[in-house]
Every structure is written in structure tokens, then in C-alpha cells.
Amino acid sequence: MKGQRVLIRYTVFSALAAALLASAALIGDRIDRARPTLPDAITETDLAFQGRRLRGLALGAEGLIADWYWIQSLQYIGGKLLSYQGEINLDDLRPLKPRLLNQYLENATDLDPHFYAAYAYGAVVLPAIDSDQAIALIKKGIENNPDKWRFYQYLGYIYWRRGEYQSASEAYARGAALPGAPRFMLEMAAAMKSRGGERETARAIYLNLYENSPDAQTRENARLRVLEIDANQQLEAINERLAKAREQSGSCPVLGAAVNSLFRSIRLPANNPIRIDAAGEIVDPSGTPYRFDTVRCRLAISPASKIPKPIE
């Protein structure tokens, strides 16, 4: 009987906590709708609660609240991207002024120190906002999950983005020594020392993030970066051919079968061939036709493509 009472009490407390959380979210949503539009500096005040102070006080609902903070972090960045009017550079998201992202992720991982998806999302997005915050978040993940090699993969990735190849190599090497770590970790530890800044290294890093991350948003970001790298490699080769043709003839060539045949002769890695669709147009790695800038005599990524556009 005593055990049944404890179970009933725990169930009631958990239901109450969930109801209170839902009510708070509903009230917050109504307040947000009624609030007048104000500058980010005024509206984005620090979060009222800190995850580490809620632990032990949430009646066993820490995991539920952690999920809520993580979902808020996704919606927060998503809203920033949708409302931003300028060109978006995935390597630098500071113009979006996403100052609360780290607080959402800190709360999620304070409440659930083993919340891998939250760490993974922070590892991919935070470096474009504040790499110091990203490193601190992943080091917290390592402290709470010392046997998980993936956290060292993310730490190596962040150091690589900063151009700190020795630190990246050390992070990959430490992860490679853990049980279950794939050979890729050891290969990256060596690559950081010899060719950390090369395109092939970048492609390998993003491809591995895409293939091994359990978080859908992290995989999608990595997939787009692989496509971006492949597109840039294609554009360099194609635009070099266009420049030579323009120099030889004195005018920009008209795209068509003859020019497309010339592009087909370009030798790129087998995993990144130049493709021409059924309509005879040269398409980027996502399948969207490139945009032809006749003034500059160059191909470029089309605004219709999902591949990130370089800031010119």
C-alpha cells in the first residue's frame, strides 16, 4: 500500500508539474501576442529561470522542461531566420542578434546533462554566434558524458572552424581513444595537422556530421554545408572556363549544348560531378539550375536553391 501511495503521489505531482508548465507557456504566448513590437535589446531580456536552479525542484519533470527549452531554442533561431531581411551567412549569424540561444541550451543541458541533441545543436549553430560559448557548452557535455566520443568530435569541429588546428587535432585524438570511436576520429586528428584548412577536410567533417548525428536539424545543416562545398568547387572550375572562353573570343559565350559539353570535360572528384538536367541546364548539387550572370559572365547559386549563398 505504501508503495502504491508513493506511486500515486509521484504521478499526481508529475501531472501537476506538466499542467503548470503548459499553463505558463500558454500565458507567455498570450503575453507575447499582446506585447507591442520593441527593439531586440529591450524585448530579449535574460531568461527568468536558470536550469541549474530548477533541478530537484521540478518534481521529476526536469526532462520535460529540458525538452521545452530545447524546442524553444529551435523555434527561436527559426524565427530569427524567417524575420531577417538581409542575406544570411551560415558562418556568421551575429546579425540576427540571437543572444538568448545559449541561455536556452544552457537551461536544457543543466536540467538534463545527458541531452545529446541539445549539445549537438549548440555545437553546429553556436560557433556562428559565439565560439567561446560553443566550446563551453561542449566541454560541459564532455564533463557530464566523459565516455561519449561524439562530444570530442564536436569540440574538434569548433576548434577547426576557429582555425585552431592543433587544438582540433588534440580533441579528435582524445575522442579516438574512447571505446566505440570510429576510425574517422583518428583520421581527422592526423588531417588537422597536415591539411586542416583544405576543402576536402571540410567536406569530410560535414559529411561525417551528416551521417552520424541523431539530431535532424544538425544533419540538415551539415547536408547543406556539403552541398555548399561541392557547389563552390564546381563554380570555381566552371567560371574559370567561362573566363578563358571570354578572353579568347572577346565576348561572353552563350550557354548551350556546345558550352555544356565543354563543362562536362571538367574533371572533378567522382563524388562531385557537374550535372546537366533534362532541359539542358547546368544544375547545382541540390538539382537547382545555376543562375547565369551575363554581365559578369559567371554562374552563381540561384536564389531558388536551398544551398547557402556566399556573401559578395
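Predicted model, so just to flag it, every value in this text is computed and none were measured. (Residues numbered from 1 in each chain as written. Predicted model: local features only at pLDDT ≥ 70, side-chain atom pairs only at ≥ 80, totals over all residues. Heavy atoms only, no water.)

**Thoughts on the packing of helix H6 (residues 116-125) against helix H7 (residues 131-144)**
At a closest axis distance of 9 Å, the pairing of H6 and H7 adopts a crossing angle of 150 degrees. The angle between H6 and H7 places the two elements in the roughly antiparallel class. Crossing of H6 over H7 shows left-handed handedness. Contact residues: H6 offers Ala118, Tyr119, Gly122 and Ala123, while H7 offers Ala134, Leu137, Ile138, Lys140, Gly141 and Asn144. (Axes fitted to C-alpha atoms, helices over the stretch in contact; angles between N-to-C directions. Helix = DSSP H or I, 4+ residues; strand = E, 2+ residues; numbered from the N terminus. Parallel < 35°, antiparallel > 145°, perpendicular 65-115°, else oblique. Left-handed = near helix turned anticlockwise from the far one by under 90°. Contact = heavy atoms within 4.5 Å.)

**Here's the deal with the state of the cysteines**
Among covalent bonds in proteins, the disulfide is the one between the sulfur atoms of two cysteines. Scanning the model with the defined rule gives one disulfide in all. The disulfide that involves cysteine 252 links it to cysteine 297, with 2.2 Å between the sulfurs. Residues cysteine 252 and cysteine 297 are joined through a disulfide that is right-handed, its torsion about the S-S bond being 85 degrees. One end of the pair, cysteine 252, is in the loop between helix H12 (216-249) and helix H13 (257-264); the other, cysteine 297, is in the loop between strand S3 (291-293) and strand S4 (298-300), with 45 residues separating them in the sequence. On the basis of relative accessibility, which here comes to 3%, the residue cysteine 297 falls in the buried class. (Disulfide = S-S within 2.5 Å. Buried < 20%, exposed > 50% of the residue type's maximum accessible area, 1.4 Å probe, protein only.)

**As for the pattern of salt bridges**
Counted under the stated rule, the structure contains 13 salt bridges. Here glutamate 106 makes a salt bridge to lysine 140, at a shortest N to O gap of 2.7 Å. Here lysine 140 lies in helix H7 and glutamate 106 lies in helix H5 (residues 101-111), a separation of 34 residues in the sequence. Given a relative accessible area of 23%, glutamate 106 falls into the partly exposed group. Among the ionic contacts, a cluster of salt bridges with common partners joins Asp91, Arg161, Arg225 and Glu228. (Salt bridge = Lys/Arg side-chain N within 4 Å of Asp/Glu carboxyl O.)

**Description of helix H8 (residues 149-161)**
For H8, with 13 residues, the first-to-last C-alpha span of 19 Å sits near the 18 Å given by 1.5 Å per residue. Most of H8 is tucked away, with eleven of its 13 residues classed as buried. When H8 is considered as a whole, its buried residues turn out to be Trp149, Phe151, Tyr152, Gln153, Tyr154, Leu155, Gly156, Tyr157, Ile158, Tyr159 and Trp160. Considering only its buried residues, H8 is in contact with H6, H7, helix H9 (165-176), helix H10 (183-195), helix H11 (199-212) and H12. (Expected span 1.5 Å × (residues − 1).)

**Structural notes on the confidence of the model for the protein**
Averaged over all residues, the pLDDT of the protein equals 82, while 79% of them reach at least 70. Confidence, expressed as mean pLDDT per element, reaches its minimum in the protein at helix H1 (residues 2-34) with 43 and its maximum at H7 with 97. In the predicted structure, residues 1-28 sits below a pLDDT of 50 and forms eleven contacts with residues beyond four places in sequence or in another chain. A low-confidence stretch, residues 34-39 stays under pLDDT 50, and its non-local contacts, those more than four residues away or across chains, total one contact. (pLDDT = per-residue confidence, 0-100.)

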